[in-house]
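A look at the structure
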Number of protein chains: 2
Amino acid sequence: MGTTNEELFVKMVLDAWFGKLKRADELFDSLPDEALQNEVAPGRNRGVYLLGHLTAAHDALLPLLGFGDTLYPEMFDTFLIKPDRAVEDLPSVEELRDRWKKVHEVLIAKCTNETAKGWFEKHTSVSEADFATQPHRNKLNVIISRTNHLDFHLGQLIFLKTPKA
Amino acid sequence: MGTTNEELFVKMVLDAWFGKLKRADELFDSLPDEALQNEVAPGRNRGVYLLGHLTAAHDALLPLLGFGDTLYPEMFDTFLIKPDRAVEDLPSVEELRDRWKKVHEVLIAKCTNETAKGWFEKHTSVSEADFATQPHRNKLNVIISRTNHLDFHLGQLIFLKTPKA
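Fair warning: this is a prediction, and the values are worked out from it, not measured in the lab.

Reading the values: the criteria
Residues numbered from 1 in each chain as written. Chains lettered and ligands numbered in written order. Predicted model: local features only at pLDDT ≥ 70, side-chain atom pairs only at ≥ 80, totals over all residues. Heavy atoms only, no water. Axes fitted to C-alpha atoms, helices over the stretch in contact; angles between N-to-C directions. Helix = DSSP H or I, 4+ residues; strand = E, 2+ residues; numbered from the N terminus. Parallel < 35°, antiparallel > 145°, perpendicular 65-115°, else oblique. Left-handed = near helix turned anticlockwise from the far one by under 90°. Contact = heavy atoms within 4.5 Å. Nonpolar A, V, L, I, M, F, W, Y, C, P; charged D, E, K, R; others polar. Least-squares fit on C-alpha atoms with pLDDT ≥ 70 in both. Buried area = accessible area lost by both parts, 1.4 Å probe. Polar contact = N/O pair within 3.5 Å; in protein donor to acceptor, adjacent residues only side chain to side chain. Expected span 1.5 Å × (residues − 1). Buried < 20%, exposed > 50% of the residue type's maximum accessible area, 1.4 Å probe, protein only. 1 Å grid on protein atoms, 1.4 Å probe; cavity = no way out; pocket = protein on both sides within 12 Å on 5 of 7 lines; lining within 4 Å. Points joined across faces, edges and corners; volume = space filled by probe spheres on them.

A closer look at the packing of helix α9 (residues 139-157) of chain A against helix α9 (residues 139-157) of chain B
For the pair α9 of chain A and α9 of chain B, the least separation of the axes is 7 Å and the interaxial angle reads 45°. As summarised for this structure, α9 of chain A and α9 of chain B are arranged oblique, according to the angle between their axes. Both α9 of chain A and α9 of chain B take part in a crossing whose hand is right-handed. From α9 of chain A, T147, N148, H149, D151, F152, L154, G155 and Q156 of chain A reach across to α9 of chain B, where they touch T147, N148, H149, D151, F152, L154, G155 and Q156 of chain B. A class-by-class count of the residues in the contact of α9 of chain A with α9 of chain B yields four nonpolar, 10 polar and two charged.

Topic: the relation of the copies chain B and chain A
Laying chain B over chain A is done by rotating through 180° and shifting 0.0 Å along the axis; what remains is an RMSD of 0.0 Å. These values place the two chain copies in the arrangement generated by a two-fold rotation axis. When the interface residues of chain B are mapped onto chain A, 100% of them are again interface residues, pointing to one common binding face.

Topic: the interface of chain B and chain A
Contacts between chain B and chain A engage 36 residues on the former and 36 residues on the latter. Summing both partners gives a buried area of about 2,900 Å² for chain B against chain A, and 69% of it is carried by carbon and sulfur. Where chain B packs against chain A, one counts eight residue pairs in polar contact (both at pLDDT 80 or more). Where the side of chain B that touches chain A is concerned, the elements lending two or more residues are α1 (2-30) and α9 of chain B. Of all the elements, α1 of chain B adds the most residues to the side of chain B that touches chain A, at 12 residues. Classifying every residue of the side of chain B that touches chain A by side-chain character gives 17 nonpolar, 11 polar and eight charged.

With respect to α9 of chain B
All names here are of chain B. Taking 1.5 Å per residue as the helical rise, α9 with its 19 residues ought to reach 27 Å, and the 27 Å between its terminal C-alpha atoms agrees with that figure. For α9, the tally of buried residues reaches 17 of 19 residues, placing the bulk of the element in the interior. Between the side-chain oxygen of the N-cap and the backbone nitrogen of L140 there are 3.2 Å, and the N-cap of α9 in question is N138.

Focus: the side chain of T55 of chain A
You can see T55 of chain A is positioned in helix α3 (residues 47-59). For T55 of chain A, the contacting residues outside a window of four places in its chain are M75, L96, R99, W100 and V103 of chain A.

Regarding the environment of N113 of chain B
Topologically, N113 of chain B is positioned in helix α6 (residues 93-113). Sequence spacing of N113 of chain B and F76 of chain B is 37 residues, and the spatial spacing of their C-alpha atoms is 26 Å.

A word on empty space enclosed by the protein
Counted under the stated rule, the structure contains one cavity of 30 Å³ or more. The volume enclosed by the largest cavity comes to roughly 80 Å³. Surrounding the largest cavity, V13, I143, I144, T147 and N148 of chain A together with V13, A16, I144, T147 and N148 of chain B form its lining. Only α9 of chain A together with α1 and α9 of chain B provide two or more residues apiece to the lining of the largest cavity.

Have a look at this one:
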């Protein structure tokens, strides 16, 4: 019964995660390069920055979840630490689209292969001692948090689409 | 062990849900009435509409989760079915702020009192037959989905704040 419940809960969380990733993927595919150069709202982040930001944030999940090294460690500073426009020369949109795809190929495969038991183990930035008393700080909880983060930015990125007349 | 795991899942999901509700509450409190009359981005929803939209969406959780009747059924059409500006006379911002608070007082109390077992029971819009083969369509899954929905709109509502100089 314990295993069944764990599998059910993992499915609930991964369904939401994969569903939002698919939505983001389709949204980026639907936006031409020029649209991604626009700010999502006046004075706010550009689409290209948010594409890099989400790519870097999801790339950072690989070591956090114990799935391996990040693919693009050089993106961390530009897209997670610094705000948009702090770095003048960003990778091209084409290059960022390619990185977005590559990060998610690896990440989705790793997420799909993780066992239910594995999801309830600690992620790599919590200590054994803390995890003993805070068992909710497991890998699956990281996915809940990243799914929300993705939806937060999806709500902004849809503004790059042309409004209905 | 089964019960312990269920309680852990519920905590993970409710922590995210209550955390985002608190963030939304603080954001609405920080925005003056005039700011809520603005569109979150050019040609997009006004803050006042999104305040009503989120209030109505969360009010609708009461019957969906078997917690009771909606408090403001008249908001359903204006804020969930129709887009912004389709209805000319909206309730005042003061009235909407009051409804937001009242809905969440009831909803948070009900969520807090629900048992771990209860969260894994079916919500009211799935049939017994479907639930037998799709046990992930439980009440807790509705909260995962609504938390994402809330974050989607939070990403937009923060644009009503004055950008940092």
